[in-house]
Amino acid sequence: MSVHETDPALARHVPQRHVGRAVVAVVLVIALLWFVQGLAFNQALDWPTIFQYFFDFNVLAGLGRTLLITAVSIVVAVVLGALLATMRLSANPVLRALAWVYVWFFRSVPLLVLLVLTFNLSLLWPTIEIGIPFGGPTFVSMSTQDLINPLVAAIVTFSLQQAAYTSEVLRASIQSVPVGQREAAAALGMTGTRTMMRVVFPQAFRVALPPIANDTINLLKSTSLVAFIAVPDLMYSVQQIYSSNFRIIPLLIVATLWYMVVVSILSIGQYFVERKLRNSPVRAARIAATDDLDGLTAGGPLDAKKETAA
Amino acid sequence: MSAFLELTGITKKYGDTVVVDDVSIAIEKGETVCLLGPSGAGKSTVLRCINMLERIDNGRIVLDGEELGWRLHRGAMRELSGREEARQRQEIGMVFQSFNLFAHLTVLENVIEAPVGVLKRKKAEAIAEAHELLQQVGLDHKADAYPAQLSGGQQQRVAIARALAMHPKLMLFDEPTSALDPELVSDVLDAIKQLATTGITMVIVTHEIGFAREVSDRFVFMEAGRVVETGPSARLSVEAAENERTRGFLSKVL
Ligand SMILES: Nc1ncnc2c1ncn2[C@@H]1O[C@H](COP(=O)(O)OP(=O)(O)OP(=O)(O)O)[C@@H](O)[C@H]1O
Ligand SMILES: [Mg+2]
């Protein structure tokens, strides 16, 4: 035995071997390859059909409607959500209560139920009228059935329900803007509305953007529910095709791939938005403010004041 | 005869706690007055009442002949609308302990936001004046920086420039240096001293007695929501102060 084997200071160092880790990894990779191989050569998958329908006109038109419903809904949801959030935070108890009831209702009803309900609104109210309530004159009167076609019903449903969720995100974001920001705005003679528009909302939106991006991705996928009321979106379009040619799996794969493509694009967008926000001055200020709070509890300005007093 | 800024018997309560108790202070045009007192005396609350950030429960505040926050109309004092209050606040500049610069705007944008948005001044004019004001506080080279990129002392000087850009009749300072590291305090105090020479009326809450003696004409000493003593700032020493409690406070602080 040489000194190199008996002296701990000189002996060779052998790191621990993670045998278990390696075994698990190998097993999982093999399983995955096997699964992919099985899929790729599965006759039912029928890749030629998938390629054939991937750029099919009806599929693309359906994708277009899916994107339209998502885009309009998220825009309406943000605007309406901002209004609802402002109501929730207002000094007027009636506005606060109305906003609360709105959020409560639209969060309680399942999306699918709401969708079918909106679609069948004409059974509840055959006509929609604009005029003076309680027996006053009517200016505009429309048949609900004409107004609410499936696409409108879908957009209305998704907008209204998403607004309830977005308003909660925005409310939390508005509350996260330090109260000193509003006081400073007030002290400069800004009115309440101007303060909200110029000082509070711009800062709140920076906080709200990542969760709203996340909600958009969710919303995009939820829109596949519109197949229930026969809106020819992406999902419904492939359903139409496979109900006549019975190539169910290939067409579902077409839809799956398109949803994945769009979600991937949105995710990439979200990544860049978040990266930009992470370096934003507002976030830096928020972090600095938290540091100040820490400072206040230990050796911060308060203690400094005590020292001068002593 | 009435003073430029006149607080008459103002009282402020939070629930049952009386925080400001029957305070009367009269300040002449061009005067600089320091508000002193131990923590919790109600000094910040007095400033916030003047600026209508808090609503007073009793008393009156009159600035340059105009009642703040209320208006006599058909035999009753009626509370002003938010819009009218905002108009009155345009004439009162306020500098906060925690600076409160708008975090999403650059230094320059912070300074021109209210002149352009509230006073509807031309943007080019407002920018030119903002540069002048920033120069006065020694920060024109930071015009394009964001508040988070500045030190506390620099932020506070921007806050002063921002308040001055509204051409206020009255400036209120609430412990402008107490959130700052010691080596940054003098820059801010110098900016305020320079301001005192321009003849603007100022009310300053501070714990810096040396600065108070130097910059202000008079002091008001408060304790437990009440004014205990007021006098010329030269009297701000343990020997010269008249009231026993003022002397006690000064002996601890000096
Ligand atoms: N929003 C509030 N609700 C209840 N009490 C409050 C509120 N704001 C202030 N107070 C109380 O009012 C009293 C006076 O507060 P104020 O901030 O005016 O004191 P201060 O003289 O400025 O003290 P400091 O030197 O610590 O700043 C304190 O006792 C404080 O706890
Ligand atoms: Mg205070």
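Residues numbered from 1 in each chain as written. Chains lettered and ligands numbered in written order. Predicted model: local features only at pLDDT ≥ 70, side-chain atom pairs only at ≥ 80, totals over all residues. Heavy atoms only, no water.

1. Some thoughts on the overall build of chain B
Then, number 1: In terms of helices and strands, chain B carries eight helices and 12 strands.
Then, number 2: A compact globule built from 254 residues should have a C-alpha radius of gyration of about 18 Å, and chain B, at 18 Å, falls within 12% of that.
Then, number 3: Along the first, second and third principal axes, the C-alpha atoms of chain B reach 50 × 50 × 35 Å.
Then, number 4: Relative to its full complement of 254 residues, chain B shows a buried share of 57%.
Then, number 5: Taking contacts inside chain B between residues at least 6 apart in sequence as the whole, the part at least 24 apart equals 63%.
Then, number 6: As displayed, chain B offers around 10900 Å² of accessible surface, 47% of which is attributable to carbon and sulfur atoms.
Then, number 7: Of the charged side chains in chain B, 29 are positive and 36 negative; the average position of the first set lies 6 Å away from that of the second. (Helix = DSSP H or I, 4+ residues; strand = E, 2+ residues; numbered from the N terminus. Rg over C-alpha atoms; globule rule 2.2 N^0.38 Å. Buried < 20%, exposed > 50% of the residue type's maximum accessible area, 1.4 Å probe, protein only. Contact = heavy atoms within 4.5 Å. Areas by Shrake-Rupley, 256 points an atom, 1.4 Å probe, with all protein chains shown as cover. Lys, Arg positive; Asp, Glu negative; His and termini not counted. Charge placed at Lys NZ, Arg CZ, Asp CG, Glu CD.)

2. A few points about the interface of chain A and chain B
Where the parts come together, the accessible area they lose is often given as the size of the interface.
Then, number 1: Taken together, the contact between chain A and chain B spans 26 residues of the former and 31 residues of the latter.
Then, number 2: Summed over both sides, the interface between chain A and chain B buries roughly 2400 Å², with carbon and sulfur atoms accounting for 61% of that surface.
Then, number 3: Notably, a salt bridge pairs Arg-48 of chain B with Glu-183 of chain A, separated by 2.7 Å at the nearest N-O pair.
Then, number 4: The interface formed by chain A and chain B includes eight residue pairs in polar contact (both at pLDDT 80 or more).
Then, number 5: Every element with two or more residues in the side of chain A that touches chain B is listed here: helix 10 (179-187), helix 11 (192-222), helix 14 (281-297) and helix 15 (301-309) of chain A.
Then, number 6: At seven residues, the largest contribution of residues to the side of chain A that touches chain B is made by helix 10 of chain A.
Then, number 7: Among the residues making up the side of chain A that touches chain B, the classes are represented as 15 nonpolar, six polar and five charged. (Buried area = accessible area lost by both parts, 1.4 Å probe. Salt bridge = Lys/Arg side-chain N within 4 Å of Asp/Glu carboxyl O. Polar contact = N/O pair within 3.5 Å; in protein donor to acceptor, adjacent residues only side chain to side chain. Nonpolar A, V, L, I, M, F, W, Y, C, P; charged D, E, K, R; others polar.)

3. Some words on the sheet that holds strand 4 (residues 58-63) of chain B
To summarise the sheet geometry, strands pair through backbone hydrogen bonds and adopt either a parallel or an antiparallel arrangement.
All names here are of chain B.
Then, number 1: Pairing is antiparallel in the open sheet, where four strands are placed in the order 2-1-4-5. Each edge of the sheet is formed by a strand with only one pairing partner; in this case those strands are strand 2 (17-27) and strand 5 (66-67).
Then, number 2: Pairing between strand 1 (residues 5-14) and strand 2: seven bridges, direction antiparallel. The residue of strand 2 that forms the bridge with Tyr-14 is Thr-17.
Then, number 3: Across the sheet, helix 1 (residues 43-50) is in contact with strand 1, strand 2 and strand 4; its angle to strand 1 comes to roughly 115 degrees. (Pairing = 2+ DSSP bridges. Axes fitted to C-alpha atoms, helices over the stretch in contact; angles between N-to-C directions.)

4. A short note on the site of ligand 1
Residue and element names in this part refer to chain B.
Then, number 1: Near ligand 1 you find Tyr-14, Val-19, Pro-38, Ser-39, Gly-40, Ala-41, Gly-42, Lys-43, Ser-44, Thr-45, Glu-175 and His-207, and these make up its full shell.
Then, number 2: Ser-39 has a polar side-chain atom sitting 2.5 Å from an oxygen atom of ligand 1.
Then, number 3: Note that an oxygen atom of ligand 1 is positioned 2.8 Å from one of the backbone N or O atoms of Gly-40.
Then, number 4: Burial of ligand 1 by the surrounding chains reaches 57%, relative to a free accessible area of 630 Å².
Then, number 5: Top element by residues in the shell around ligand 1 is helix 1. It accounts for three residues.
Then, number 6: Among the residues making up the shell around ligand 1, the classes are represented as four nonpolar, six polar and two charged. (Near = heavy atom within 4 Å.)

5. Re the pairing of strand 7 (residues 76-79) of chain B
Residues and elements named next belong to chain B.
Then, number 1: Pairing analysis gives four bridges linking strand 6 (residues 70-73) to strand 7, with the strands arranged antiparallel. From the neighbouring strand, Arg-71 faces strand 7, where its bridge partner is Arg-78.
Then, number 2: In this antiparallel pair of consecutive strands, strand 6 and strand 7, the connection spans two residues, and Arg-74 shows a positive phi of 45 degrees.

6. Let's talk about the confidence of the model for chain B
Then, number 1: Averaged over chain B, the pLDDT score is 92; the fraction of residues at 70 or greater is 100%.
Then, number 2: At the level of chain-chain contacts, confidence expressed as ipTM amounts to 0.92, with global pTM at 0.79. (pLDDT = per-residue confidence, 0-100.)

7. Looking at the packing of aromatic side chains
All names here are of chain A.
Then, number 1: Scanning all chains against the criterion turns up 10 aromatic pairs over all chains.
Then, number 2: Relative to Phe-106, the ring of Phe-105 has its centre 5.0 Å away and its plane inclined at 90 degrees; by these criteria the two rings are edge-to-face.
Then, number 3: With a relative accessible area of 35%, Phe-105 lands in the partly exposed category.
Then, number 4: A residue is classified by how much of its surface remains accessible, and Phe-106, at 10% relative accessible area, is buried. (Phe/Tyr/Trp six-rings, centres within 6.5 Å; stacked < 30°, edge-to-face > 60°.)

8. Let's talk about the side chain of Ser-167 of chain A
All names here are of chain A.
Then, number 1: Checked against the element boundaries, Ser-167 lands in helix 9 (residues 150-176).
Then, number 2: Of the polar contacts made by the side chain of Ser-167, one reaches the backbone oxygen of Ala-164; its length is 3.0 Å.
Then, number 3: Setting aside anything within four residues of it in sequence, one finds Ser-167 in contact with Gly-81, Leu-84, Ala-85 and Val-103.

9. Some points on the nonpolar core
Then, number 1: Formed by 51 residues in total, the largest nonpolar core has its most connected members in Leu-36, Ile-160, Met-171, Phe-173 and Met-202 of chain B.
Then, number 2: Core analysis: the next-biggest nonpolar cluster, separate from the first, contains 43 residues, Val-199 of chain A together with Leu-7, Val-46 and Val-118 of chain B among them. (Core = buried A, V, L, I, M, F, W, Y, C linked by side-chain atoms within 4.5 Å.)

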